[in-house]
Amino acid sequence: MRKEIGIWLDTNKAVLVSLLDGKNENVSILESEVESRTRFPGEKKPSRVGSLLTNAENKLTNRKKQQKHHYFNEIMKTIDEDAQALYLFGPSKAKIELEKEIKKHQSFNHKPLIVESADKMTEKQMIAHVKSFFGKKQPQKCVTTVRIILSIVGT
C-alpha cells in the first residue's frame, strides 16, 4: 500500500492530506501558535531594563523562532514514518523553513520531498491539488524519461 502526504501550510495552520494508494484521503488540520507581530505600549527599538540596554525586537524574534520550531516539530510528529513521499505547498515561506527542519531529521532523509508555491485554497481544493500532484506528477516523470531515452537511442 502506497502512502503519500501533501502538506499545505502557512504560519497560521497546516493542512495534512494523506493519500492511501492515491485514493482514500485523510485530512488533519494543525493550528499554529506562532504569534504575529505584537507591539507593547510605549515600545521603542532599544529599551532599558535597569542598567541593561535591551532590544525588545530581538526577544520577539527569538520567541517567534522558537514557536515556529515547535510548530514544525508538531507537523513532523503527525507525518507517518511509512509515508513514501512528501509534498509541501502553500503561500508563505513557512514551507521552505519546514523543508529545512525535515531535512535535519534522519528518519525523513530517504523520502522524496517536493516543495512548491501555491495560493490560499479551500480544503477541497487542497485535496484535489494533492491528488492531482501525486496522480499525475510521478507517472509523467517516468514517461518523459523513457521518451528521452528512446529519442536518444532512435537517432
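Details of the structure are given in the entry above.
Residues numbered from 1 in each chain as written. Predicted model: local features only at pLDDT ≥ 70, side-chain atom pairs only at ≥ 80, totals over all residues. Heavy atoms only, no water.

Caption draft 1: Main features of the pairing of strand 1 (residues 3-9). Counting buried residues along strand 1, 7 of its 7 residues qualify, which places the element largely inside the surrounding structure. Neither face of strand 1 is open: one carries K3, I5, I7 and L9, the other E4, G6 and W8, and all of them are buried. In this structure, strand 1 lies alongside strand 2 (residues 13-20), joined through 7 bridges in antiparallel fashion. Its bridge partner being in strand 2, W8 is matched across the sheet by V15. Linking strand 1 back to strand 2 in an antiparallel pair, the connection comprises 3 residues. Where strand 1 and strand 6 (residues 85-90) come together, 5 bridges link them in parallel fashion. (Buried < 20%, exposed > 50% of the residue type's maximum accessible area, 1.4 Å probe, protein only. Helix = DSSP H or I, 4+ residues; strand = E, 2+ residues; numbered from the N terminus. Pairing = 2+ DSSP bridges.)

Caption draft 2: Focus on the pairing of strand 7 (residues 113-117). Looking at chain direction, strand 6 and strand 7 are connected through 5 bridges and run parallel. Note that in strand 7 the partner of L88 across the bridge is V115. Note that the unit made of strand 6, helix 2 (residues 94-104) and strand 7 has a crossover that is right-handed. (Right-handed = clockwise from strand over helix to strand, strands pointing away.)

Caption draft 3: Quick peek at the side chain of S18. Looking at where S18 falls in the secondary structure, it is placed in strand 2. Ignoring anything within four residues of it in the chain, the contact list for S18 reads K3, E4, I5, N24, E25 and N26. (Contact = heavy atoms within 4.5 Å.)

By themselves, these are just geometric observations and shouldn't be taken as functional.
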